[in-house]
Amino acid sequence: MQKVGTRFADTWRMHYHVVARTFGKFTPFTQPQKAHWVWHRLKAAFPEALAATLMPTHLHLVLKSDSPEQTRTTLAHLLGRFTFVFNEPKPFWQPIPEPELIVDSDKLRRNI
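Just so it is clear, the model here is predicted, and its values are computed rather than measured. (Residues numbered from 1 in each chain as written. Predicted model: local features only at pLDDT ≥ 70, side-chain atom pairs only at ≥ 80, totals over all residues. Heavy atoms only, no water.)

Draft legend 1. A look at the packing of helix H1 (residues 32-45) against helix H2 (residues 68-85). Close contact between H1 and H2 brings their axes to 11 Å; oriented N to C, the two are set at 150°. One element, H1, and the other, H2, form an angle in the roughly antiparallel class. The interaxial crossing formed by H1 with H2 has right-handed handedness. Touching Lys34, Trp37, Val38, Arg41, Leu42 and Ala45 of H1 are Thr74, Leu75, Leu78, Arg81, Phe82 and Val85, all from H2. Considered class by class, the residues forming the contact of H1 with H2 number eight nonpolar, one polar and three charged. (Axes fitted to C-alpha atoms, helices over the stretch in contact; angles between N-to-C directions. Helix = DSSP H or I, 4+ residues; strand = E, 2+ residues; numbered from the N terminus. Parallel < 35°, antiparallel > 145°, perpendicular 65-115°, else oblique. Left-handed = near helix turned anticlockwise from the far one by under 90°. Contact = heavy atoms within 4.5 Å. Nonpolar A, V, L, I, M, F, W, Y, C, P; charged D, E, K, R; others polar.)

Set out below in structure tokens:
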């Protein structure tokens, strides 16, 4: 990893923070079966994640990626499958925002 001013980088992958939120009143991760389902699939889809958090209405991922758009697409597919498996109403998930680049080690520590 190289230090570049206050930014840091390795030569091919950057750290990102990704959030996925439900619409309105939906709280899927308060139900152990649903939280368990998502947790294990997040681990499989993002094995190198530095951190993952399930909150009642949303989730957070901090990970290295060489393609933040692919990360977003993978997460969208995983959550689409969740919606199907648990027969959730549609729309259930808000559109996933663009992953946020974590530009320095202090910000990385705060996100973890």
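Draft legend 2. Focus on the pattern of salt bridges. For the structure shown, the criterion picks out four salt bridges. Put simply, Glu69 and Arg72 hold a salt bridge, and the shortest N to O gap is 3.5 Å. Of this pair, Glu69 and Arg72 both sit in helix H2, three residues apart, roughly one helical turn. Here Asp106 ties to Arg109 by a salt bridge, and the two come within 2.5 Å at their closest N and O atoms. Placement of the pair is Asp106 and Arg109 together in helix H3 (residues 105-111), with a separation of three residues, close to one helical turn. Residue Asp106 is classed as partly exposed on the basis of its relative accessible area, which comes to 43%. The exposure class of Arg109 is exposed, given its relative accessible area of 55%. (Salt bridge = Lys/Arg side-chain N within 4 Å of Asp/Glu carboxyl O. Buried < 20%, exposed > 50% of the residue type's maximum accessible area, 1.4 Å probe, protein only.)

Draft legend 3. Examining the sheet that holds strand S4 (residues 51-54) more closely. An order of S4-S5-S3-S6 is seen for the four strands of this open sheet, with the pairing classed as antiparallel. The sheet is open, and its two borders are formed by S4 and strand S6 (100-101), each paired with just one other strand. Looking at chain direction, strand S3 (residues 14-21) and S6 are connected through two bridges and run antiparallel. Directly across from Tyr16, in S6, lies its bridge partner Leu101. Sheet strands touched by H1: S4 and strand S5 (58-65). Its angle to S4, the strand with the most contacts, is close to 165°. Set on the sheet, H2 makes contact with S3 and S5; between it and S5 the angle comes to about 145°. (Pairing = 2+ DSSP bridges.)

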